[in-house]
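Given next are the chains, with one letter for each unit.
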Amino acid sequence: MISKVVALAGGVGGAKLADGLYRCLAPGDLSVIVNTADDFVHYGLNISPDLDTVCYALAGLANPETGWGREGETWQAIHNAVQLGGPDWFNLGDRDLGTHLERTRRLRQGDLLSEITSDFARAWGISANIFPMSNDLVATMVSTVDDGELPFQEYFVKRGCEPRVTGFRFAGIETARPAPFMLEAIEGAQVVVICPSNPWVSIRPILDIPGIRQQIQGKHIVAVSPIIGGKAVKGPAAKMYTELGMTPSASTVAGQYGSLLSGFVLDRVDGDQTDKIRQSGIISFATNTLMSTAEDRERLASEVLDFCDRIIGGK
Ligand code: FO1
């Protein structure tokens, strides 16, 4: 039986599978390494969208409609700020604001993002280890055909992922260091699960932090496809593949992770791609990967863990 798992995650799809894994594993057995290259400063506050999305999901606090932000949210503070002339393109709910206020206060007094994140996780009753990929600043910059290079949230939220992309740059990644104790968590894991997050802008920055790729390479790595039937469940992943001249498909995702992977989980609707994936030496498993309900998350996570078990056992 698989017990110790490290999951790589960013965004809503990643948070859902991380939540499923959390529910399948014993307390303390799951570590989640979260993308922080989407982080930015807004209204003077340090916003870490993916860390919050993962933590809110695991704590049962997430907004079920959006996947990001808090359930039962109200918007009084941002409405007031906008009325006073502040920017209106990024929505900060009243409950969520408390997280950003306290994170910003702690960062300003010199605390590390990793310390703050584990304190927040503990306060929310989360028994998994949640790691920001790094305490150092890394910023995703999106190169576009018509608008030059855009900071990630301007591309994603302000421009609604509309500009055509030509590539990505992760500013600061060369000198960023893995967050403390994260390499040890990888060392102690039996398997690394790459969640169905955007491979370009959620998983790639994590893998590109110097030291992380090398550390996970010795492990069994299983990825879950974020592309189902040629479409992303949420977000711009499929559009990005097309704009970068690639076919958005499960097999394209498997090819992109390539030799890192021991196994690949794809949706049943893409079952005809398993042969192609097998030819590149990756064992695949087709199941229903859409996570519409809490039961779906747990069922998929349990199937992923069973698949990992079979891979490790050579079955
Ligand atoms: N996404 C949106 O599409 N619009 C928003 O106004 C928005 C606000 C927001 C506030 C806090 C937070 O943690 C996430 C928020 N997101 C919003 C989601 C976020 O921008 C993206 O999901 C990630 O950065 C991509 O993984």
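Just so it is clear, the model here is predicted, and its values are computed rather than measured. (Residues numbered from 1 in each chain as written. Predicted model: local features only at pLDDT ≥ 70, side-chain atom pairs only at ≥ 80, totals over all residues. Heavy atoms only, no water.)

Q: Which residues make up the site of the ligand, and what are the values?
A: Looking at the ligand, the residues that line it are G11, D38, P49, D50, W68, F90, N91, D96, F152, Q153, F156 and V157. One of the side-chain N or O atoms of D50 is found 2.9 Å from an oxygen atom in the ligand. A distance of 2.9 Å separates an oxygen atom of the ligand from a polar atom in the backbone of N91. Burial of the ligand by the surrounding chains reaches 89%, relative to a free accessible area of 540 Å². (Near = heavy atom within 4 Å. Polar contact = N/O pair within 3.5 Å; in protein donor to acceptor, adjacent residues only side chain to side chain. Areas by Shrake-Rupley, 256 points an atom, 1.4 Å probe, with all protein chains shown as cover.)

Q: Lay out the domain arrangement of the chain in plain terms, naming residues and giving numbers.
A: When its domains are assigned, the chain resolves into domain 1 (5-137 + 173-312) and domain 2 (139-170). Placing a centre on the C-alpha atoms of domain 1 and another on those of domain 2 gives a separation of 20 Å. Across the boundary between the two partners, domain 1 contributes 18 residues, which contact 18 residues of domain 2. Both faces combined, the contact of domain 1 with domain 2 buries some 1,600 Å², and carbon together with sulfur accounts for 69% of it. Summed over the shared surface of domain 1 and domain 2, the number is zero salt bridges. Elements supplying a minimum of two residues to the side of domain 1 that touches domain 2: α8 (199-208) and α10 (237-243). It is α8 that contributes the most residues to the side of domain 1 that touches domain 2, five residues altogether. (Domains from an automatic or database assignment. Contact = heavy atoms within 4.5 Å. Buried area = accessible area lost by both parts, 1.4 Å probe. Salt bridge = Lys/Arg side-chain N within 4 Å of Asp/Glu carboxyl O. Helix = DSSP H or I, 4+ residues; strand = E, 2+ residues; numbered from the N terminus.)

Q: Before we move on, can you summarise helix α2 (residues 49-59) with the specific residues and values?
A: For an α-helix the count is 3.6 residues per turn, leaving residues at separations of three or four pointing the same way. Judged by how many residues are buried, α2 sits mostly within the fold: 10 of 11 residues are covered. Of the residues making up α2, those classed as buried are P49, D50, L51, D52, T53, V54, C55, Y56, A57 and L58. Positive backbone phi, at 70°, marks G60, one or two positions downstream of α2. (Buried < 20%, exposed > 50% of the residue type's maximum accessible area, 1.4 Å probe, protein only.)

Q: Requested: an account of the pairing of strand β7 (residues 148-151), with residues and values cited.
A: The pairing of strand β6 (residues 139-144) with β7 spans four bridges and is antiparallel. Residue pairing for β7: V142 is matched across the bridge by L150. (Pairing = 2+ DSSP bridges.)

Q: Lay out the pattern of salt bridges in plain terms, naming residues and giving numbers.
A: Taken as a whole and assessed by the stated rule, the structure comprises 18 salt bridges. Note that R204 is salt-bridged to D208, the shortest N-O span being 2.9 Å. Of this pair, R204 and D208 both sit in helix α8, four residues apart, which is roughly one turn of the helix. The salt bridge partner of E303 is R299, with a shortest N-O separation of 3.4 Å. Separated by four residues within a single helix, E303 and R299 lie in helix α13 (residues 294-312), roughly one turn from each other. By relative accessible area, which is 26% here, R299 ends up partly exposed. When salt bridges with common partners are traced through the structure, they connect R106, D111, D119 and R122 into a single cluster.

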